[in-house]
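Geometric and topological summary
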Amino acid sequence: MTHLWVRAEQRDHEQRVGLMPKGAKALIAKGIRVTVEDSASRAIPLDGYRAAGCEIAAEGAWPDAPADAIVFGLKELPEANTPLAHRHIMFGHAYKGQADGRMLLDRFKLGGGTLYDLEYLTDETGRRVAAFGYWAGFAGAAVALKCWAAQQRGTICGPVGVYPSSDALKADLSGELDATGQPRPRAIVIGALGRVGTGASDLCAAMGVETTKWDMAETANGGPFPEVLEHEIFLNCILANPGCPVFVPRSAVTMQRKLTVIGDIACDPTSDFSPIKVYDRVTMWEDPAIRTAGKPPLDVTAIDNLPSLLPAESSEDYSAQLLPSLLTLDALDKGVWARAKAEFDRHA
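A short tour of the structure in this document, coming up. Being a predicted model, the structure only gives us computed values, none of them experimental. (Residues numbered from 1 in each chain as written. Predicted model: local features only at pLDDT ≥ 70, side-chain atom pairs only at ≥ 80, totals over all residues. Heavy atoms only, no water.)

Some words on the overall build of the protein chain
Within the protein chain, the secondary structure is distributed over 9 helices and 12 strands. Since a compact globule built from 348 residues should have a radius of gyration of about 20 Å, the 21 Å found for the protein chain is in line with a globular shape. Counting only C-alpha atoms and orienting by the principal axes, one finds that the protein chain spans roughly 60 × 40 × 35 Å. Counting over 348 residues, the protein chain shows a buried share of 53%. Within the protein chain, residue pairs in contact and separated by at least 24 positions form 71% of the contacts whose partners lie at least 6 positions apart. Entry remark: accessible area of the protein chain is about 14600 Å², with carbon and sulfur atoms responsible for 53%. Looking at charge distribution, the protein chain has the averaged site of its 35 positive side-chain charges lying 2 Å from that of its 44 negative ones. (Helix = DSSP H or I, 4+ residues; strand = E, 2+ residues; numbered from the N terminus. Rg over C-alpha atoms; globule rule 2.2 N^0.38 Å. Buried < 20%, exposed > 50% of the residue type's maximum accessible area, 1.4 Å probe, protein only. Contact = heavy atoms within 4.5 Å. Areas by Shrake-Rupley, 256 points an atom, 1.4 Å probe, with all protein chains shown as cover. Lys, Arg positive; Asp, Glu negative; His and termini not counted. Charge placed at Lys NZ, Arg CZ, Asp CG, Glu CD.)

Encoded structure:
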């Protein structure tokens, strides 16, 4: 019997989950065994999983899961040197030259396990079958606007936290922007036609922020792109991939510009292909912005688990997208799973 083991997330501020109770019930009805770890932080209560017929395990018990279990989480595992023997479903961040990626792949090699990277679960056309993109864009644009509001107060953005709903986030942000007494800034979104860009654009529209929307057609010439510097806020919604043009070169910190906030929502600063060259590390909820220039300021916000600001809505959306693929876990040698396995084999 196929056995899916949903582990508790171990990253700070991570309350999302990739399987909702109703999805678990559908898997069980299909004949798939489902175990869900307890979690002190998960936004979705454990009672719903128990009622759906899931087995319940202690938080962090996945290393002792049966050898044939498929361990499912969202964010990457804590850094360690221990071998990974199980098959894992998660965002591994291991295929684009990231510093920690080689270590993760070595752990799989040592243990004989397999990574089915959620970023590489794709259909026949190469499109991802599930993504948190919309809510990443929505929340990322909100944090970027918080950074801009802080600049108007003469400070840098303070800590951000979880919101119970997108309506609560919009109400809080609107009040913060109004309190500056300044007209709304102008923003440019690159990748505006994708999931991430749509979310970012929707948040900007809700806040009354005039937005320039660019996608592949506008960036096809490869740059440079001085138009980016003519907006107060730049929201990058394009994943770093080979051939990705540079949108903000290192020299931007000393150039004449209106740009004061970069929201790198795609957030892959350690990748060799990052299109933003003025920073080199992700930012945290406690310190969401890096100041890379002083006069005028240039702050970069690059939080890599943005949808966790809205954990309930983003989990519901993502799990609904992913469920059709999870229902085919009993055929790992076919479809999305076979393609993800081939990608792992190529890199490992």
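Brief notes about the side chain of H88
Here H88 shows up in strand β5 (residues 87-90). In this view, H88 contacts W62, V71, L77, F108, T114, L115 and Y116; residues no more than four positions away in its chain are not counted.

A closer look at helix α5 (residues 166-179)
A turn of α-helix holds 3.6 residues, and therefore any two residues three or four places apart point the same way. Spanning 14 residues, α5 covers 20 Å between terminal C-alpha atoms, matching the ideal 20 Å at 1.5 Å per step. Where α5 is concerned, the buried positions are S166, L169, L173, E176 and L177. Burial along α5 is one-sided: seen end-on, the buried residues are contained in an arc of 95°. In α5, those exposed residues whose orientation departs by more than 90 degrees from the buried face are D167, A171 and A179. Packed against the buried residues of α5 are α4 (133-152), α6 (195-206) and α8 (311-326). Looking one or two residues beyond α5, the residue adopting positive phi is G181, at roughly 75°. (Expected span 1.5 Å × (residues − 1). Arc of directions from axis to C-beta.)

Notes on the packing of α4 against α6
The N-to-C vectors of α4 and α6 enclose an angle of 45°; their axes lie 6 Å apart at closest approach. The angle between α4 and α6 falls in the class oblique. Where α4 crosses over α6, the two elements pack in a sense that is right-handed. The residues of α6 that touch α4, namely those facing G133, Y134, G137, F138, A141, A142 and L145, are R195, V196, T198, G199, A200, D202, L203 and C204. (Axes fitted to C-alpha atoms, helices over the stretch in contact; angles between N-to-C directions. Parallel < 35°, antiparallel > 145°, perpendicular 65-115°, else oblique. Left-handed = near helix turned anticlockwise from the far one by under 90°.)

Overview of the environment of I44
With respect to the helices, strands and loops of the structure, I44 is situated in the loop between β2 (33-37) and α2 (46-52). Residue class for I44 comes out buried when judged on its relative accessible area of 11%. Put simply, I44 and L19 are 25 residues apart on the chain and 9.6 Å apart in space, counted from C-alpha to C-alpha. If sequence neighbours within four positions are ignored, I44 has contacts with V17, M20, P21 and Y49.

Observations regarding the pairing of strand β9 (residues 233-236)
Of the two faces of β9, the one lined by I233 and L235 and the one lined by F234 and N236 are each fully buried. The sheet contact formed by strand β7 (residues 187-190) and β9 spans 4 bridges and is parallel. For A187, the partnering residue across the bridge sits in β9 and is I233. (Pairing = 2+ DSSP bridges.)

Considering the sheet that holds β5
Here 6 strands make up an open sheet; going across it, the order is β3-β2-β1-β4-β5-β6 and the pairing parallel. Edge positions in the sheet fall to β3 (55-57) and β6 (114-117), since each of these pairs with one other strand and no more. Direction aside, neighbouring strands of the sheet carry axes that sit 25° apart on average. Inspection of the sheet shows strand β1 (residues 3-6) paired to strand β4 (residues 70-72) by 3 bridges, in the parallel sense. Its bridge partner being in β4, W5 is matched across the sheet by V71. Where helix α9 (residues 335-347) meets the sheet, it contacts β5 and β6, and its direction lies at approximately 120° from that of β6.

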